[in-house]
Amino acid sequence: MSRLANKFAELKASGRKALIPFVTAGDPYPEFTVPLLHEMVAAGADVIELGVPFSDPMADGPVIQRASERALAHKVGLRKVLSMAMEFRKTDQATPLVLMGYLNPIEMMGYEDFANAAQRADVDGVLTVDLPPEEAVDCVALLRERGIDQIFLLAPNSDAERIAKMDAVGSGYLYYVSLKGVTGAGHLNTEDVKEKLELIRANTVLPVGVGFGVKDADTAKIVANLADGVVVGSALISKIEANLDEPEQAKNQIIALLKSMRTAMDS
């Protein structure tokens, strides 16, 4: 059983939900990332999504786009992100780590080279935003051979057939994008999320994480009552952007937000 499967099983057994923060690797500078990952775990994170900087992140709103630009200015690419993952794993053998990004850097490296490098870095999952299941067969097979989960995104307009296809090809968990549009946009409609999750659960055996609208402890609690995991990204990265001259202040604010979410989710 993979780290992700183990983590979700443990959480389910204890009646808790996964807190899944997302940060962009290398933002605001490379040395900031790995210590932040460890502090997020200490603050209550169960799974970490580590963003791979990309020059054209089409699904991301302006906050995460600018985070990618800052990281790329420091020459942080896929290989550097894998090195960060390896560094994180030296002192944390328990927390599942998911690389989240776009297909182009993986294709540039080559599927097999990437799969081997991800295995060496002890990565647990890969979420490739622009890789649909129909085109993922080769990549999924290479990752699965190495014990790495391929995670897929579900949209508000994904129907039962599409959900079942993601369930058949994916593993680890499914990521439900709760809003139409890009990251950091709009507000959660609880009833819409509840209704969609009923359809999703009827067509998958995988845990379901919900993101693209979680901004604070209140929304984290609402989502935790509905889903298996709560994904938060833009709300964290905005703390970095607001404190570029004081990165430690940004880190403190991120940790405070995650702790408040953890408390709300567990209450």
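The text that follows walks through the structure, step by step, so that each part is easy to find. Within every chain, residues take consecutive numbers counted from 1 along the sequence as written. Only residues with pLDDT of at least 70 get local features here, since the model is predicted, and only at 80 or more are side-chain atom pairs given and counted; chain-wide, interface and lining totals rely on the full set of residues. Processing note: side-chain calculations cover all non-hydrogen atoms of the structure and skip hydrogens and water entirely.

All right, on to helix α12 (residues 247-266) then. Each helix is a run of DSSP H or I of at least 4 residues and each strand a run of E of at least 2, with the numbering of both proceeding from the N terminus. Here the expected length of a helix is defined as 1.5 Å per residue gap, with one fewer gap than residues. End to end, α12 covers 29 Å across 20 residues, agreeing with the expected 28 Å (1.5 Å per residue, within 8%). Buried residues of α12: Pro247, Ala250, Lys251, Ile254, Ile255, Leu257, Leu258, Met261, Arg262, Ala264 and Met265, and no others. In this analysis, two residues are considered to be in contact whenever any of their non-hydrogen atoms come within 4.5 Å of each other. Packing partners of the buried residues in α12 comprise β1 (18-24), α2 (30-42), α10 (217-224), β8 (229-232) and α11 (234-242). Burial here depends on accessible area, computed with a 1.4 Å probe over protein chains only, as a share of the maximum for the residue type. Under 20% is buried, over 50% is exposed, and the range in between is partly exposed.

Moving on, we come to the packing of α10 against α12. Each axis is a line fitted through C-alpha atoms, and for a helix only the stretch in contact is used; angles between axes span 0 to 180 degrees, taken between their N-to-C directions. Viewed as axis vectors pointing N to C, α10 and α12 meet at an angle of 40 degrees, and their least axial separation amounts to 8 Å. When the axis of α10 is compared with that of α12, the two are oblique. Remark: the crossing between α10 and α12 carries right-handed chirality. On α12, the residues touching Ala217, Ala220, Lys221 and Ala224 of α10 are Ser260, Met261, Ala264 and Met265. Counted by class, the contact of α10 with α12 contains six nonpolar, one polar and one charged residues. Relative orientations are named as follows: roughly parallel for angles under 35 degrees, roughly antiparallel for angles over 145 degrees, roughly perpendicular for angles from 65 to 115 degrees, and oblique for any other angle. Left-handed describes a crossing whose near helix is turned anticlockwise from the far helix by less than a right angle; the clockwise case is right-handed. The classification used treats Ala, Val, Leu, Ile, Met, Phe, Trp, Tyr, Cys and Pro as nonpolar, Asp, Glu, Lys and Arg as charged, and all other residues, Gly among them, as polar.

Following both chains from N to C, one finds α2 and helix α4 (residues 78-89) inclined at 40 degrees, their axes separated by 10 Å at the closest point. On the basis of the axis angle, α2 is oblique to α4. Read as a crossing pair, α2 and α4 show a hand that is right-handed. Two secondary-structure elements touch here, α2 through Pro30, Thr33, Val34, Leu37, His38 and Val41 and α4 through Lys80, Met84, Glu87 and Phe88. Looking at the contact of α2 with α4 residue by residue, the classes come out as six nonpolar, two polar and two charged.

A separate point is a negative patch on the surface. Each patch is built from residues lacking any salt bridge and having more than 30% relative accessible area; the joining distance is 9 Å for like charges and 5 Å for nonpolar side chains (Val, Leu, Ile, Met, Phe, Trp, Tyr). The Shrake-Rupley method, run with a 1.4 Å probe sphere, supplies the accessible areas, and residue values consider only the shown protein chains as cover. Salt bridge criterion: a side-chain nitrogen from Lys or Arg within 4 Å of a carboxyl oxygen from Asp or Glu. Charge assignment in this entry is limited to Lys and Arg as positive and Asp and Glu as negative, and neither His nor the chain termini are counted. Every charge is mapped to an atom, namely NZ of Lys, CZ of Arg, CG of Asp or CD of Glu. On the surface, Glu191, Asp192, Glu195 and Glu198 cluster together into a negatively charged patch. With respect to the helices and strands, the residue Glu195 is situated in helix α9 (residues 190-201). Owing to a relative accessible area of 56%, Glu195 belongs among the exposed residues under this scheme.

Pairing is parallel in the closed barrel, where eight strands are placed in the order β1-β2-β3-β4-β5-β6-β7-β8. Across the sheet, the mean angle from the axis of one strand to that of its neighbour is 25 degrees, orientation sign disregarded. In this sheet, strand β3 (residues 97-101) lies alongside strand β2 (residues 48-51) in parallel orientation, the contact comprising four bridges. Bridged to Glu49 within β3 is Val98. Each of β2 and β3 is contacted by α4, which is oriented at about 165 degrees to β3, the strand it contacts most. Think of it this way: DSSP has to see at least two bridges between two strands before they count as a pair.

Here helix α8 (residues 160-169) has its buried residues at Ile163, Met166 and Val169. Buried residues of α8 fall within an arc of 135 degrees about the axis and therefore sit on the same side. When the buried face of α8 is taken as reference, the exposed residues oriented beyond 90 degrees from it are Glu161 and Ala168. Looking at the packing, one finds that the buried side of α8 touches α7 (137-145), β5 (149-154), β6 (174-177) and α9. An arc is given here, and it is the one of the directions from the helix axis to the C-beta atoms.

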